[in-house]
Every structure is written in structure tokens, then in C-alpha cells.
Number of protein chains: 2
Amino acid sequence: VTTEHASKHFEDDLRRLDNIIAEMGGLAEAQLADAMDVIVKRDEEKAQVVIAGDERIDALAREVEELTVTMLAIHQPMAEDLRTVIAALRTSAVIERIGDYAKNIAKRTAALSQAPPMGPTRTIVRMGTLVQRMIKHVLDAYVARDPDAANDVRDSDEEVDALYTSLFRELLTYMMEDPRNITASTHLLFVAKNIERIGDHATNVAHNVLFMVHGHAPAERRVKGDASSYTVVEPQEPPPDRTPGNDH
Amino acid sequence: VTTEHASKHFEDDLRRLDNIIAEMGGLAEAQLADAMDVIVKRDEEKAQVVIAGDERIDALAREVEELTVTMLAIHQPMAEDLRTVIAALRTSAVIERIGDYAKNIAKRTAALSQAPPMGPTRTIVRMGTLVQRMIKHVLDAYVARDPDAANDVRDSDEEVDALYTSLFRELLTYMMEDPRNITASTHLLFVAKNIERIGDHATNVAHNVLFMVHGHAPAERRVKGDASSYTVVEPQEPPPDRTPGNDH
């Protein structure tokens with residue numbers, strides 16, 4: 001009966017863990033949606049709400065940390081139970097990080113508001129919506145312990161990476177057209193990079209689901225479809241003193 | 001005798017964990033040093049060596065993952081022993097991430113080589129050296145279980161953040177001076193951001209040392225001295241059609 005009681009206690013704790021992580025995921029999703037709204041509407045007041053809202057996610061991450069350490073110490077779980085606790089600890093760290101990215105996007109509102117609205121903002125919002133859906137989908141898969149559903153986010157992540165790479169080119173071109181676009185374009189570039197990273201993190205949650213259920217993550221940790229590190233854009237009219245092709 | 005034997009076995013495993021983490025730290029430090037060297041000398045061949053070198057760090061991170069899960073399952077450690085195993089798992093994830101940043105810096109070599117050498121590269125190398133020392137210092141503190149020494153990296157991290165914020169302004173100014181600087185400056189901005197993030201991660205290792213020894217991390221997770229998200233730089237000569245001051 002004592003073992004049954006302990007096992008029931010452990011199951012309760014696991015459910016509590018899942019609930020906190022689902023709550024964190026919902027908050028992170030909402031924070032990202034709000035951050036997108038904020039940069040489209042240049043709503044500096046709402047930006048402050050998003051910035052302050054990150055504290056709640058951080059507090060929940062600390063709660064997961066305390067709960068998992070207690071669970072490991074008291075129940076000393078084995079096999080899949082042990083992996084589930086470790087996956088929870090890691091997943092909460094990932095969501096905490098996603099929250100940081102949403103907060104950082106909101107912080108850039110003031111700097112973005114200095115320039116006229118820019119076309120690439122639409123692409124960024126598309127990326128944001130895609131990544132928001134990835135967070136929701138992968139956390140549903142997490143709570144359902146469904147590695148196949150979790151794996152679906154990989155395809156979306158490739159789409160996000162492709163959008164990011166094309167946005168990188170587009171924003172560089174904007175900067176070259178008019179120096180007054182440079183500050184805002186740079187901040188938009190970082191917003192896009194943050195969204196791209198959130199996509200990577202959704203993929204990391206998928207790996208945690210695989211680890212939890214099968215005991216191992218896929219051998220290659222991450223497919224990097226983001227080719228922006230290699231991207232070069234030249235100004236449209238090269239000045240006459242430029243001799244192209246001799247130093248590259 | 002069996003308990004003694006088990007305890008000796010656990011101590012051996014802990015030492016093995018420390019050794020792997022020390023090795024990972026040394027590799028990450030070297031990868032960062034090499035990445036700095038690569039972007040200064042624009043050595044695309046060596047860049048490939050850095051990019052390929054990240055695989056070794058990833059493999060060691062997987063080794064730490066397997067070893068920690070086995071240790072938790074077999075020894076079912078309590079209190080400080082339990083926290084030490086969790087801290088190792090987290091620290092190895094942090095170093096793995098630092099390796100990713102060094103690799104990403106190396107990847108930008110080709111794009112950086114398209115433009116003439118730029119002054120801000122010197123500031124970036126200074127940031128890189130500072131952060132390299134932070135990695136070494138905080139991992140020495142980790143192996144020595146010395147929270148005070150670990151905490152020293154916080155001051156350095158503030159210095160890194162300040163350098164990054166001033167570099168952000170400087171690179172935006174460069175872009176505005178000549179559109180031919182835009183591609184390289186953007187890549188340098190991401191290099192600087194990567195180094196700034198490595199500094200944050202060194203601080204995360206310091207938190208792991210505090211958690212391991214004292215059982216809790218400091219309440220505020222991270223002081224954000226990086227003010228670049230708010231930075232606006234205006235082109236030096238505003239075109240006549242610009243009416244300043246009415247939309248900001």
C-alpha cells in the first residue's frame with residue numbers, strides 16, 4: 001500500500017508538472033502574439049505589459065525547477081519516469097527562453113517606431129504566427145507524449161528558417177536604399193532572428209518528447225536551414241572606385 | 001561495504017562528469033579563440049575547421065546526457081549529489097550552446113570577407129577575449145565548486161554588455177556612412193551578439209555553481225546590461241523632406 005501511495009503521489013506530481021508546463025507554454029504563446037501585435041501597432045504601452053509579463057513565466061520555471069529536484073530526491077524515479085522529469089526540467093528552461101525572446105521583441109518597439117512602417121514587418125508577423133502555432137503544437141504533443149506529432153514541427157521550422165533567410169536579404173536591401181531605414185531594419189532583423197530562434201526551441205521541445213518516450217533524441221540535434229550567415233547583398237549601383245571580384 | 005562500493009562508484013562517475021565538462025569548456029574556449037582569429041585573418045579554410053570542430057563538443061554533450069541519466073537511475077543521489085548531477089547536465093547544455101555560437105561566428109567569415117577590414121572588428125576581438133576568459137574562469141570555479149569565484153563573471157558580463165551596446169551604435173553609424181559597409185556590418189553585429197550571448201551563458205554556469213553548492217540560484221536570473229534593444233542612430237545629415245520630432 002505504501003508503494004501504491006508513493007506511486008500515486010508521483011503520478012500527482014507528474015500531472016502538476018504537465019499543468020505548469022502547459023500553462024507556461026500558453027503564456028509564452030500569448031506573449032509572442034502580443035509582441036507581434038505591439039510591433040505592428042507600435043504600441044509602446046502594451047510593450048511594457050509584455051516586458052513585465054515575462055516575470056510570470058520565469059516564476060513558473062523556478063517552480064518547475066524546485067518540483068523536479070524534489071521529485072528526483074523523494075521518488076527516485078527510474079527509466080521513463082526519470083526521463084519524464086528530466087524532459088520537464090529542460091522543456092521549462094526552453095519555454096523560459098522563448099519568453100525572453102518575446103520580451104526582447106517588445107523592447108524594440110520604441111526603436112522601431114522611429115521609422116515609417118516597413119513592408120518586411122508583414123513577413124515577420126507571418127513568421128511569428130507560424131512559430132506561435134509550433135509552440136502550441138509541440139506542447140500539445142509534449143503533454144500527449146506523442147513523438148510523431150512533436151516531430152511535425154521540424155517541417156515548420158524549415159519554413160521559418162527559409163522565411164528568415166529571405167527576410168535577411170530583404171532588410172539588407174532596405175538599408176541600402178535609404179540610410180534612414182537602417183536603425184529600424186536592424187531592429188527588425190533582430191526581431192526576425194528572435195523568432196527564428198523560437199522555432200529552433202520548439203524543435204528542442206520535440207527532441208525532449210522523443211527523449212522522454214524513446215530514451216534518446218535523434219542523432220543530429222538540429223537541421224540548420226537558416227542560410228543567412230552566408231548571405232551577402234551588394235548595393236545596387238556600385239560606386240566607380242570599386243573593383244569587384246578581386247578580393248573575394 | 002556495498003554502500004561504500006556504491007559511493008566510490010558514484011564519486012568516480014562524478015569525477016568523470018567533471019572531466020568531460022572541463023574538456024568541453026576547454027574546447028569551447030579554443031573554438032571561440034579560433035573563430036576570433038578566423039574573422040580577423042579572414043581565413044576561410046580555418047573557418048571550416050572551426051565549423052567541423054563543433055561536432056566534438058556536441059558528442060561530449062551527448063555523453064554527459066547519457067552519463068547523468070545513468071547516474072540518476074543507478075545511484076539515485078540525494079541533496080548536493082543530486083544537484084551536482086543536474087548542474088552537470090545543465091552546464092554541458094550551456095557549453096554545447098557556446099560551441100554553436102563559435103561555429104556561427106566562423107560561418108560568417110565568407111560574408112565578412114566581401115568588405116574591407118573594419119575598425120569595429122578590434123572591439124569585437126576585445127569582447128571575444130573577455131568572454132573567453134569568462135568561460136575559463138567560470139569552469140574553473142565549477143570544477144572547484146567555488147560560488148564566489150563563479151560570481152566574479154557577473155562583473156565581466158556587464159563589461160561585455162556595455163561593449164556590445166557601444167558597438168551596436170558604432171556599426172549602425174558605419175552602415176549609414178556607406179551602403180557598401182552594410183552587409184559586413186550586419187554580420188559583425190550578429191558576431192557581437194553571439195559573443196554577448198556567450199557572456200550570458202558564462203553567467204548561467206555561475207548560477208549552476210550556486211545551485212549546486214547552495215541549493216538555489218540567485219532570485220534575479222540575469223542582470224541585463226545590454227541596452228542595444230533601445231538604441232536608435234539617425235543618419236548624420238537628415239534629408240530635407242524629413243520633419244524631425246513629430247512622429248517620435
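In this report, the structure presented in the accompanying data block is examined. These figures come from a predicted structure and were not determined experimentally. (Residues numbered from 1 in each chain as written. Chains lettered and ligands numbered in written order. Predicted model: local features only at pLDDT ≥ 70, side-chain atom pairs only at ≥ 80, totals over all residues. Heavy atoms only, no water.)

### Regarding the overall build of chain A
Right, so step 1: Each helix and strand counted, chain A has 8 helices and 0 strands in total.
Right, so step 2: In terms of its C-alpha atoms, chain A occupies a principal-axis envelope of roughly 85 × 45 × 25 Å.
Right, so step 3: For chain A, the residues scored as buried account for 54% of the 248 residues in total.
Right, so step 4: Taking contacts inside chain A between residues at least 6 apart in sequence as the whole, the part at least 24 apart equals 84%.
Right, so step 5: Carbon and sulfur atoms provide 52% of the accessible area of chain A, an area that totals close to 10500 Å². (Helix = DSSP H or I, 4+ residues; strand = E, 2+ residues; numbered from the N terminus. Buried < 20%, exposed > 50% of the residue type's maximum accessible area, 1.4 Å probe, protein only. Contact = heavy atoms within 4.5 Å. Areas by Shrake-Rupley, 256 points an atom, 1.4 Å probe, with all protein chains shown as cover.)

### Digging into a negative patch on the surface
Residues and elements named next belong to chain A.
Right, so step 1: Judged by side-chain charge, Asp-146, Asp-148, Asp-152, Asp-155, Glu-158 and Glu-159 come together as a negatively charged surface patch.
Right, so step 2: No other element matches helix H7 (residues 153-177), which puts 3 residues into the negative patch.
Right, so step 3: For Glu-159, a relative accessible area of 45% gives the class partly exposed. (Patch = residues over 30% accessible without salt bridge, like charges linked within 9 Å, V, L, I, M, F, W, Y side chains within 5 Å. Salt bridge = Lys/Arg side-chain N within 4 Å of Asp/Glu carboxyl O. Lys, Arg positive; Asp, Glu negative; His and termini not counted. Charge placed at Lys NZ, Arg CZ, Asp CG, Glu CD.)

### Description of the interface of chain B and chain A
Right, so step 1: Contact with chain B, which involves 55 residues of that partner, is made by 55 residues of chain A.
Right, so step 2: A combined buried area of about 5200 Å² lies between chain B and chain A, and 56% of that area is made up of carbon and sulfur atoms.
Right, so step 3: Connecting chain B to chain A are 2 salt bridges.
Right, so step 4: The partner of Glu65(B) in a salt bridge is Arg90(A), and the shortest N-O contact between them spans 2.7 Å.
Right, so step 5: Joining chain B to chain A, the criterion identifies 9 residue pairs in polar contact (both at pLDDT 80 or more).
Right, so step 6: For the side of chain B that touches chain A, the elements supplying multiple residues, two or more each, are helix H2 (44-75), helix H3 (79-107), helix H7 (153-177) and helix H8 (182-214) of chain B.
Right, so step 7: Here the side of chain B that touches chain A is composed, by residue class, of 26 nonpolar, 11 polar and 18 charged. (Buried area = accessible area lost by both parts, 1.4 Å probe. Polar contact = N/O pair within 3.5 Å; in protein donor to acceptor, adjacent residues only side chain to side chain. Nonpolar A, V, L, I, M, F, W, Y, C, P; charged D, E, K, R; others polar.)

### Here we look at helix H5 (residues 120-144) of chain A
Right, so step 1: Relative to the 36 Å expected for 25 residues at 1.5 Å per residue, H5(A) spans 36 Å between its end C-alpha atoms, a close match to the ideal helical length.
Right, so step 2: Once H5(A) finishes, Arg145(A) follows within two positions and takes phi at roughly 50°, a positive value. (Expected span 1.5 Å × (residues − 1).)

### Concerning the relation of the copies chain B and chain A
Taken together, a rotation about one axis and a shift along it account for how the two chain copies relate.
Right, so step 1: For the pair chain B and chain A, the best superposition has an RMSD of 0.0 Å and corresponds to a rotation of 180° with a translation of 0.0 Å parallel to the axis. Those values place the two copies in the arrangement expected of a two-fold rotation axis. Residue Gln76(B) of chain B places its C-alpha closer to the rotation axis than any other residue of that unit, at 2.8 Å.
Right, so step 2: Here 100% of the contact residues of chain B are again contact residues in chain A; the copies associate through an equivalent surface. (Least-squares fit on C-alpha atoms with pLDDT ≥ 70 in both.)

### Things to note about the packing of helix H3 (residues 79-107) of chain A against helix H8 (residues 182-214) of chain A
Residues and elements named next belong to chain A.
Right, so step 1: Across the interface, H3 lies against H8 with an axial gap of 9 Å and an inter-helix angle of 175°. When the axis of H3 is compared with that of H8, the two are roughly antiparallel.
Right, so step 2: For the contact of H3 with H8, the residue count by class is 13 nonpolar, 8 polar and 5 charged. (Axes fitted to C-alpha atoms, helices over the stretch in contact; angles between N-to-C directions. Parallel < 35°, antiparallel > 145°, perpendicular 65-115°, else oblique.)

### Concerning the packing of aromatic side chains
Right, so step 1: This model, assessed by the stated rule, comprises 5 aromatic pairs over all chains.
Right, so step 2: Ring centres of Phe168(A) and Phe190(B) lie 6.1 Å apart, and the angle between their planes is 40°; on these two criteria the pair is classed as tilted. Pair noted here: Phe168(A) is in helix H7 and Phe190(B) is in helix H8, and the two residues belong to different chains. In terms of burial, Phe168(A) and Phe190(B) fall into one category: buried.
Right, so step 3: Arranged with centres 6.2 Å apart and planes meeting at 70°, the rings of Tyr164(B) and Phe168(B) form a pair that is edge-to-face. Linking Tyr164(B) with Phe168(B), this pair stays in helix H7, spanning 4 residues, or about one helical turn.
Right, so step 4: For Tyr164(B), a relative accessible area of 0% gives the class buried.
Right, so step 5: The ring of Tyr142(A) has Arg145(A) sitting right over it, with the charged end atom 5.6 Å from the ring centre.
Right, so step 6: The side chain of Arg90(B) reaches across the aromatic face of Phe211(B), ending 4.8 Å from its centre. (Phe/Tyr/Trp six-rings, centres within 6.5 Å; stacked < 30°, edge-to-face > 60°. Lys NZ or Arg CZ within 6 Å of the ring centre and 35° of its normal.)

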